[in-house]
Amino acid sequence: MIVIDAVTKRYPDGTTAVDRLTLEIPDGSITVLVGLSGCGKTTTLRMINRMVEPTEGRILLDGADVREAPVNALRRSMGYVIQHAGLFPHRTVIDNIATVPRLLGWDKHRARERARELMERVGLDASFAGRYPYQLSGGQQQRVGVARALAADPPVLLMDEPFSAVDPIVRKGLQDELLRIQADLGKTVVFVTHDIDEAIKLGDMVAVLREGGRLAQYAPPARLLSAPADAFVEDFLGVDRGIRHLSFFGTEGLELTAEPIVTEDATAEQVRAATLPEIPYVLVTDAEGRPRGWADALDRATGGDGELLPYGHAFTVGRDSLRAALDAAVLSPTGWAVAVDEQGRAVGVAAQEAVAAAIRSAHTAGVLR
Amino acid sequence: MSHGGFFEVPSDLQNTWWGLVSWQLQLTLVPVLCGLVIALPIALLCRRFGWIYPPVLGVATVFYAVPSLALFVFLIDWFGESDLTVEIPLTLYTLVVLVPAIVDGMRSVSAETRAAAEAMGFGTLRRYVQVELPIAVPAVFAGLRVATVSSVSLVSVGMLIGNEGALGNLLSDALNYHRPLLAWDAVISIAVIGVLLDALLVLARRLLTPWARKATAK
């Protein structure tokens, strides 16, 4: 556990970057520091590995003041990932990754062996090993940056806006990759970002900092969305809090209707049997059961094969959240969301009303919990 | 006295054309190499203690401003009419190019890379030697090219202190014996040596910095 204990950082010119900040950062989870520029989030991160020394207060790592350890030994025990990756341009990918093991005195062979393992873990093809950073895209460089930080298997990972400089699609890929790696490794991650959506997506705990380095709220992301501490946090979270909060509710409790699903080659008889009184459509699937679109039930039942209506997107039962289900329901022109299993086969449909009922009961359960 | 060909060196120089060329190379390269060896620790100190950089640069510039002839005459008292008398001023002159080349090259390392090195637990000296200096290599070579080419031509001034100018000595003979061809010989030979040394430095820089290629190798 990292304890930030009443830490203040004041610069000689009188500006206060961090103001009596107290945070307990739990082991094995991702804690996000989020705030606007100038809120002291990077300063806080850099005080953990002593790139910045606090003016007052102390930082404890597993109970011991970080100032007790030799500074370079402390830093080598903490992985560090930075915006734009900060790779060594004169070193190949594999030697960039092997940096900290080499600093720790591993022999070259073992360090490179370890670097190769890491490349695989972060999703970099082995053929990149001998390349130089200038030959990589921004996203690939950042993968190398993450691999380099993990190379010596440090218990702590400090990440300073690591994904801010890459384009949104690559960023989403890197975020998903980080969550996947974290599920395997369970590091104590401290992650700095100015992007509240990134904070909510990645954080197990989120600390919202306000200008002048004061803590506005420290809570799990779902709590942040449902109960922002004050107007500042509420404003920072932005609109759609209710909708975004649905990301934290699973679709397990959502009632699905399995009847109105027919295959492309269904007979008029089968279509009639599948038609429900409350819904004038049937969902048509291909032979494997993957959804293709909605058909007018009456038309199909009388042998017509009119054009299919698009169904928007499906949600995966058990994996996707109520937010995805609601979105699928409001996007679908029929007003019914299509649920699929992990293999992409349609397992049922859910009306907007059913999604609403699931939301209501999820809230009730949340209140009762 | 025979009016010899292009490569025929007057007997008073007691040397062959090839002998003058290798002497020219020695008088050029020894100062550049010594300059590099001296500039490295000075540059590291300037990098470490930023405040000494401007005065160091000032002193180097003052050296550079002293006419070479004045320095030669001054040094004859100690070293006589020897190679050393030529090499010492030329070494000092290279510093005005090499020290800023190294310092500015090291300073050009991106803030991210420097922060990453610090965060990974590089000590200051290790960071200079393993990260900043290697990244400064292209800038250092740019400095070496300037220092080398200027040394090649400055060597010839050595002819004024008792034929210590290698190929430059041909210039005085051209005057003494009214053989303009000798002057052409000196000028062209020195220029060709300069161009060849420069090309070698470019080649060496390419070999040493495969990471700095512009074109993307696929």
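First, a word on what this report is: a plain description of the structure on this page. Each chain carries its own residue numbering, running from 1 in the written order of its sequence. Written order decides the labels, with chains lettered from A and ligands numbered from 1. Reporting in this predicted model follows two pLDDT cut-offs: at least 70 for local features of residues, and 80 or more for side-chain atom pairs to be given and counted; totals over whole chains, interfaces and linings ignore these cut-offs and use all residues. Think of the side-chain values as coming from all heavy atoms in the structure, minus any hydrogens and water.

With that out of the way, let us pick up the interface of chain B and chain A. Counting residues at the interface gives 23 residues for chain B, matched by 24 residues for chain A. Buried area: the sum, over both parts, of the accessible surface (1.4 Å probe) that disappears when the two are put together. Taking both partners together, chain B and chain A bury about 2,100 Å²; carbon and sulfur atoms supply 63% of that area. On the chain B side of the interface with chain A, the three residues burying the most area are Ala119(B), Met120(B) and Trp211(B), jointly 31% of the side's total. Just to be clear on terms, a salt bridge is a Lys or Arg side-chain nitrogen sitting within 4 Å of an Asp or Glu carboxyl oxygen. Applying the counting criterion to the chain B and chain A interface returns one salt bridge. We call two residues contacting when some pair of their heavy atoms lies within 4.5 Å.

Moving on to the packing of helix H5 (residues 111-119) of chain B against helix H6 (residues 124-154) of chain B. Helix packing geometry: the angle between the two helix axes and the distance between the axes. Residue and element names in this part refer to chain B. Axis lines are fitted through C-alpha atoms, for helices just across the contact stretch, and the angle between N-to-C directions can take any value from 0 to 180 degrees. A run of DSSP states H or I qualifies as a helix once it reaches four residues; a run of E qualifies as a strand once it reaches two. Both are numbered from the N-terminal end. In contact at an axis separation of 11 Å, H5 and H6 are set at 160° when each is read in the N-to-C sense. Considering their axes alone, H5 and H6 lie roughly antiparallel with respect to each other. In this structure, H5 meets H6 at a crossing whose hand is right-handed. Listed contacts from H6 to Thr113, Arg114 and Ala117 of H5 are Arg127, Val131, Glu132 and Ile135. Each residue gets one of three labels, nonpolar for Ala, Val, Leu, Ile, Met, Phe, Trp, Tyr, Cys and Pro, charged for Asp, Glu, Lys and Arg, and polar for the others, Gly among them. Residue composition of the contact of H5 with H6, grouped by class: three nonpolar, one polar and three charged. Between 65 and 115 degrees an angle is taken as roughly perpendicular, under 35 as roughly parallel, over 145 as roughly antiparallel, and anywhere else as oblique. Helix crossings fall into two classes, left-handed where the near helix is turned counterclockwise from the far one by less than a right angle and right-handed where it is turned clockwise.

A separate point is unusual backbone geometry. With the exception of glycine, the majority of residues adopt a negative phi angle, and the majority of peptide bonds are in the trans configuration. All names here are of chain A. Even without being a glycine, alanine 85 presents a positive backbone phi close to 70°. By the element assignment, alanine 85 lies in the loop between strand S6 (78-82) and helix H3 (93-97). One non-glycine residue, aspartate 153, lies in the positive phi region at around 55°.

Residues and elements named next belong to chain B. Examined against the element boundaries, aspartate 83 turns out to sit in helix H4 (residues 83-107). Residue aspartate 83 is classed as partly exposed on the basis of its relative accessible area of 23%. On a C-alpha basis, the gap between aspartate 83 and phenylalanine 7 in space is 23 Å, while along the polypeptide they are 76 residues apart. The contacts of aspartate 83, once residues within four sequence positions are left out, are Trp23, Gln26, Leu27 and Glu164. Side-chain atoms alone can form a polar contact between residues adjacent in sequence; in general such a contact is a pair of N or O atoms within 3.5 Å, and within protein one must be able to donate a hydrogen while the other accepts it. Among the polar contacts made by the side chain of aspartate 83, one reaches the side chain of glutamine 26 at a distance of 3.0 Å. Any residue under 20% of the maximum accessible area for its type is buried, any over 50% is exposed, and the rest in between are partly exposed; the area is computed with a 1.4 Å probe on protein chains only.

With that settled, consider the sheet that holds strand S8 (residues 188-193) of chain A. Residues and elements named next belong to chain A. Each pair of strands is called paired provided DSSP finds at least two bridges between the two strands. Ordered in space as S6-S7-S8-S3-S9-S10, the six strands form an open sheet in which the pairing is mixed. Only two strands of the sheet have a single partner each, and these edge strands are S6 and strand S10 (214-219). When strand polarity is set aside, the average angle formed by the axes of neighbouring strands in this sheet is 15°. In this structure, S6 lies alongside strand S7 (residues 156-160), joined through five bridges in parallel fashion. Across the sheet, the residue bridging to valine 81 is methionine 159, located in S7.

This paragraph deals with helix H1 (residues 17-48) of chain B. Compared with an ideal rise of 1.5 Å per residue, which puts 32 residues at 46 Å, H1(B) spans 47 Å between its outermost C-alpha atoms and is within 8% of the ideal. The principal kink in H1(B), of about 25°, is found at Ala39(B), preceding the proline Pro41(B) by one to four residues. Residue count minus one, scaled by 1.5 Å, sets the expected span of a helix. Fitting axes to the seven residues that end at a residue and to the seven that start at it, the angle between those axes gives the bend at that residue.

What follows concerns the packing of aromatic side chains. Centre distance within 6.5 Å is the pairing criterion for rings of Phe, Tyr and Trp, where only the six-membered ring of Trp is used; planes under 30 degrees apart are then read as stacked, over 60 as edge-to-face, and the remainder as tilted. If you walk through the whole model with that rule in mind, you get seven aromatic pairs over all chains. Between Phe88(A) and Phe122(B) the ring centres are 5.7 Å apart and the planes differ by 80°, which places this aromatic pair in the edge-to-face class. Of the two residues, Phe88(A) is situated in the loop between S6 and H3 and Phe122(B) in the loop between H5 and H6; the pairing between them involves two chains. By the burial criterion, Phe88(A) is buried, and Phe122(B) matches it. When the ring of Trp17(B) is compared with that of Trp18(B), the centres are 4.9 Å apart and the planes differ by 75°; the resulting orientation is edge-to-face. Assessed through its relative accessible area of 64%, Trp18(B) is described here as exposed. Our definition puts a charge over a ring when NZ of Lys or CZ of Arg is within 6 Å of the ring centre and also within 35 degrees of the ring normal. Over the ring of Phe88(A) we find Arg148(A), and its NZ or CZ is 5.0 Å from the ring centre.

Here we come to the pattern of salt bridges. Following the criterion strictly, the structure yields 28 salt bridges over all chains and no others. Between Asp230(A) and Arg210(A) there is a salt bridge whose closest N-O contact spans 2.6 Å. Taken together, the positions of Asp230(A) in the loop between helix H9 (221-226) and helix H10 (231-237) and Arg210(A) in strand S9 (residues 205-210) put the pair 20 residues apart, joining distant regions of the chain. Residue classification places Asp230(A) among the partly exposed residues on the basis of a relative accessible area of 25%. As a salt-bridge pair, Glu132(B) and Arg127(B) come within 3.3 Å of each other at their nearest N and O atoms. Pair check on accessibility: Glu132(B) and Arg127(B) agree, each one buried. The network of salt bridges with common partners includes Arg47(B), Arg114(B), Arg127(B) and Glu132(B).

Moving on, we come to the pairing of strand S12 (residues 281-285) of chain A. Residues and elements named next belong to chain A. Burial analysis of S12 places four of its five residues in the buried class, the great majority of the element. Of the strand pairs in this sheet, strand S11 (residues 261-263) and S12 are connected by three bridges, and their pairing is parallel. By the bridge assignment, isoleucine 261 is partnered in S12 with leucine 283. Think of it like this: strands point away, you trace from the first strand over the helix to the second, and a clockwise trace means the crossover is right-handed. As a crossover connection, the stretch from S11 through helix H12 (residues 268-274) into S12 is right-handed. Pairing analysis gives five bridges linking S12 to strand S13 (residues 291-296), with the strands arranged antiparallel. Within the sheet, the bridge partner assigned to tyrosine 281 lies in S13 and is aspartate 296. Linking S12 to S13, which pair antiparallel, is a turn of five residues; within it glycine 289 sits at a positive phi near 95°.

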